[in-house]
Amino acid sequence: MVASAGACDPAMGGGKQSPSAPQSRATSTAPAEVPGRVAIFTPSDGITLSQHTPINKWAALVPELKAALTKEHLSGKRIDAYTSGNLEDQSKELQDYVVNRLSERKAGKTSEPTTLVVAPMTSPDSITRQYGDYISKSLDADAEDKASARLVSSLRLAAGAGMHVVLLANQVPGIHPDLFVQLSDARAIGQMQADKLASKLELDKASKNNPCRIEILLPNRTAETSSSDASSSDTSSADEDAEAGQAEQDRQEERDGQSSFPAQAFVGIWQVLGPYFKDGRAVSPSGRLKADSTEKDWQAVAFDPGKDASATGKELATRLSMNDDTKTHTEVDGILAMNDFIVSGVVSELGDLGYRGTSADVNPEISISGIVGSMAGRQDLHRQRVPKPAQSPVTQNPPGSDADPSQQTTGKTEGSTPSDDHPAWPIISGYGAYVDNIPQIVDGRQWMTGLEDRLGIAADIAKACVGLNSQGKVPAMDTVQTIDQNGKQLRRLSRPLVAVSASNLKAALIDTGYIKPADAGL
């Protein structure tokens, strides 16, 4: 783990001043303030006293963005921030701000360039909220029609008057911003976890005769029954038109399902893990996924997680039920749980089912004592790779595998500890960096989580705002690309998601100030 850099700032007196230097050189001149104003409009998080929520919250990003703007020498007096609990309020606040600014210009009170940073309010469902506030999507033009129209007209009025527009996370139909900030999306979250899981399990070294057992838990809100389903039963209109209409409705529901958050998350997962399942190097302990499964088979591993951990526990217990013939536990090497809400239920249920050990036992890079010592500041981590432990003895082929039992590897390498009474603890991935889950990463129960690079995003947005106000354009940055969107060139800012495990937890979460050492149990 890398120690924090910058213990000595050269600008703060890294060397002695020459006695012959003029006195005026001893005092540095403060940088001039940059021109313009920045107004930030974000949804409010709502009041929560629980730590069982993602740390990717708007309430955390806004002060970091203000601080980044100040570092870019924009006066705090020229930074305004507004939070709203719904789209109606947000659209009114935005409209009032734009109209007031234009009135001031008309009256000759100000001519300052202005950049609007807007995170359009959406209504995420209970599943999407498990991943945090920054899930990118487009504003539904049909929802809350009056408020949506007001938001669109306000942004158009601002752009027409020469103001600059930066949209965060959510795009707005009919609006072409100066910069779009792409934040978390389902596919990226699923792909990141699958990538890290494949690396940790060393799937490239697995074989069809000795595959890795991977279970995917995909939270999905149970579809509500349409009230229109029963309406046709009272009539005799079972004609071809009705059948055609129903067929079209079914096709539309399928299209909507494939674009849903769980479906898109599975696309990201399957792009990484699909080839391993196809050639037999990975199998599903529950048999839900097979060699011929495709990215459209997301519903095979989807379930409704409910409002607490109990539903996840029941789902996992069903999938990892004890073998009735051999009275042995189902072996599992990795569980992709999608977010930390699901991880909590997984960890609890694995303990109840008798699984023992930690994620650090699987292809260990570090020891638990090394993790705690490093995060407490007592020592550096020294990673050491070891061979992947072989699978424990099996009496039958794993679900989805057609391997010859006589060719199954039955040996164990040093350091592996599974047994019939206490099967080995798998690696478990999540997302959201829930504060109350962090101690589970320290003790090895949860292997990894993930989050947005908030500080990096805030710094990039601040540079973009200052560039727009002073130069009329977004300055060149490695994190900004130009893409084609509906025939127009769109500037898009994005940063890779941050994957956090015990080996980098201190640098990624504690040193950045996202959490305190006490949050990690230190």
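Residues numbered from 1 in each chain as written. Predicted model: local features only at pLDDT ≥ 70, side-chain atom pairs only at ≥ 80, totals over all residues. Heavy atoms only, no water.

## Quick look at the overall build of the protein
- In terms of regular secondary structure, the protein is built from 12 helices and 17 strands.
- Residue pairs in contact within the protein that sit at least 24 positions apart in sequence constitute 75% of those at least 6 positions apart.
- Total accessible area on the protein is roughly 25,500 Å²; 49% of this is exposed by carbon and sulfur atoms. (Helix = DSSP H or I, 4+ residues; strand = E, 2+ residues; numbered from the N terminus. Contact = heavy atoms within 4.5 Å. Areas by Shrake-Rupley, 256 points an atom, 1.4 Å probe, with all protein chains shown as cover.)

## Comments concerning the environment of leucine 451
- As for its placement among the helices and strands, leucine 451 is situated in strand S14 (residues 448–451).
- The spacing of leucine 451 and asparagine 56 is 395 residues in sequence and 6.6 Å in space, taken between C-alpha atoms.
- Setting aside its immediate chain neighbours within four residues, leucine 451 contacts Ile55, Asn56, Tyr431, Ala433, Leu497, Val498, Val500, Leu509 and Tyr514.

## Details of the nonpolar core
- Of all hydrophobic cores here, the largest spans 40 residues; its most connected members are Ile214, Ile216 and Leu273.
- A per-element tally of this core places helix H6 (residues 261–278) first, with 10 residues.
- Other than its neighbours up to four places away in sequence, leucine 273 contacts Ala194, Leu197, Ala198, Leu203, Ile214, Ile216 and Leu336.
- One finds Leu61, Ala68, Val117 and Leu493 within the second-largest nonpolar core, a separate group that totals 31 residues. (Core = buried A, V, L, I, M, F, W, Y, C linked by side-chain atoms within 4.5 Å. Buried < 20%, exposed > 50% of the residue type's maximum accessible area, 1.4 Å probe, protein only.)

## Focus on helix H7 (residues 309–319)
- Along H7, the residues classified as buried are Thr312, Gly313, Glu315, Leu316 and Arg319. Within H7, the buried residues cover an arc of 165 degrees as seen down the axis, which keeps them to one side. When the buried face of H7 is taken as reference, the exposed residues oriented beyond 90 degrees from it are Lys314 and Thr318.
- On its buried face, H7 is in contact with strand S8 (212–216), strand S11 (302–303), strand S12 (334–336) and helix H8 (340–353). (Arc of directions from axis to C-beta.)

## A few points about the sheet that holds strand S7 (residues 179–181)
- Spatial strand order, S2-S1-S3-S5-S7-S16-S15: 7 strands in an open sheet with mixed pairing. In the strand order of this sheet, the two ends are held by strand S2 (79–84) and strand S15 (480–485), each with one partner. Sheet twist, expressed as the average angle between the axes of neighbouring strands with direction ignored, equals 25 degrees.
- Pairing geometry for strand S1 (residues 37–43) and strand S3 (residues 114–118), over 5 bridges, is parallel. Its bridge partner lying in S3, alanine 39 is registered against leucine 116. (Pairing = 2+ DSSP bridges. Axes fitted to C-alpha atoms, helices over the stretch in contact; angles between N-to-C directions.)

## Focus on the packing of helix H2 (residues 87–106) against helix H3 (residues 145–160)
- It is the contact of H2 with H3, at a shortest axis distance of 9 Å, that shows an interaxial angle of 25 degrees. Here H2 lies roughly parallel to H3, going by the angle between them. In the crossing of H2 with H3, the sense of the turn from one axis to the other is left-handed. Residues Leu87, Glu88, Ser91, Lys92, Leu94, Gln95, Val98, Val99 and Leu102 of H2 form the contact with H3, whose participating residues are Ala147, Ser148, Arg150, Leu151, Ser154, Leu155, Leu157 and Ala158.
- Among the residues making up the contact of H2 with H3, the classes are represented as 10 nonpolar, 4 polar and 3 charged. (Parallel < 35°, antiparallel > 145°, perpendicular 65-115°, else oblique. Left-handed = near helix turned anticlockwise from the far one by under 90°. Nonpolar A, V, L, I, M, F, W, Y, C, P; charged D, E, K, R; others polar.)

## A word on the side chain of threonine 128
- Tracing the sequence through the fold places threonine 128 in the loop between S3 and strand S4 (137–138).
- Ignoring anything within four residues of it in the chain, the contact list for threonine 128 reads Ile135 and Phe261.

## Digging into the packing of aromatic side chains
- Within this structure, the stated rule accounts for 8 aromatic pairs.
- An aromatic cluster is built from Phe41, Tyr82 and Tyr97, whose rings are joined through pairwise contacts. (Phe/Tyr/Trp six-rings, centres within 6.5 Å; stacked < 30°, edge-to-face > 60°.)

## Remarks on the confidence of the model for the protein
- On average, residues of the protein score 81 in pLDDT, and 74% of them reach the 70 mark or higher.
- Within the model, pLDDT remains below 50 along residues 1–26, and this stretch shows 16 contacts once partners closer than five positions in the same chain are excluded.
- Scored below 50 in pLDDT, residues 224–237 makes 2 contacts in the model with residues more than four places away or belonging to other chains. (pLDDT = per-residue confidence, 0-100.)

## Brief notes about helix H11 (residues 454–471)
- With 18 residues, H11 should cover 26 Å at 1.5 Å per step; its first-to-last C-alpha distance of 25 Å lies within 8% of that length.
- Burial analysis of H11 places 13 of its 18 residues in the buried class, the great majority of the element.
- Immediately beyond the C-terminal end of H11, within one or two residues, lies glycine 472, with a positive phi of roughly 80 degrees. (Expected span 1.5 Å × (residues − 1).)

## Focus on the pattern of salt bridges
- Applying the stated rule across the entire model yields 18 salt bridges.
- A salt bridge links aspartate 204 to arginine 281; the nearest nitrogen and oxygen atoms lie 3.9 Å apart. Placement of the pair is aspartate 204 in the loop between helix H4 (186–200) and S8 and arginine 281 in the loop between H6 and strand S10 (282–283), with a sequence separation of 77 residues.
- Judged by relative accessible area, which is 60%, aspartate 204 ranks as exposed.
- A single salt-bridge network, built from bridges that share partners, covers Glu33, Arg37, Arg78, Asp80 and Glu112. (Salt bridge = Lys/Arg side-chain N within 4 Å of Asp/Glu carboxyl O.)

## Here we look at the packing of H4 against H6
- Packing of H4 against H6 leaves a shortest axis separation of 7 Å and a crossing angle of 30 degrees. As judged from the angle between their axes, H4 and H6 are roughly parallel. The element H4 and its partner H6 pack so that their crossing is right-handed. Between H4 and H6, the residues in contact are Ala186, Arg187, Ile189, Gly190, Gln191, Ala194, Asp195, Leu197 and Ala198 and Phe261, Gln264, Ala265, Val267, Gly268, Ile269, Gln271, Val272, Leu273 and Tyr276, respectively.

## Digging into unusual backbone geometry
- Positive phi is not limited to glycine here, since glutamate 202 has a value of about 55 degrees.
- When you line up the elements, glutamate 202 lands in the loop between H4 and S8.
- Non-glycine residue alanine 433 carries a positive phi angle of around 50 degrees.
- Mapped onto the secondary structure, alanine 433 falls in the loop between strand S13 (427–429) and helix H10 (438–442).

## A word on the environment of leucine 522
- Following the sequence through the fold, leucine 522 ends up in the segment after helix H12 (505–510).
- In this structure, the C-alpha to C-alpha distance between leucine 522 and valine 442, residues 80 residues apart in sequence, is 9.3 Å.

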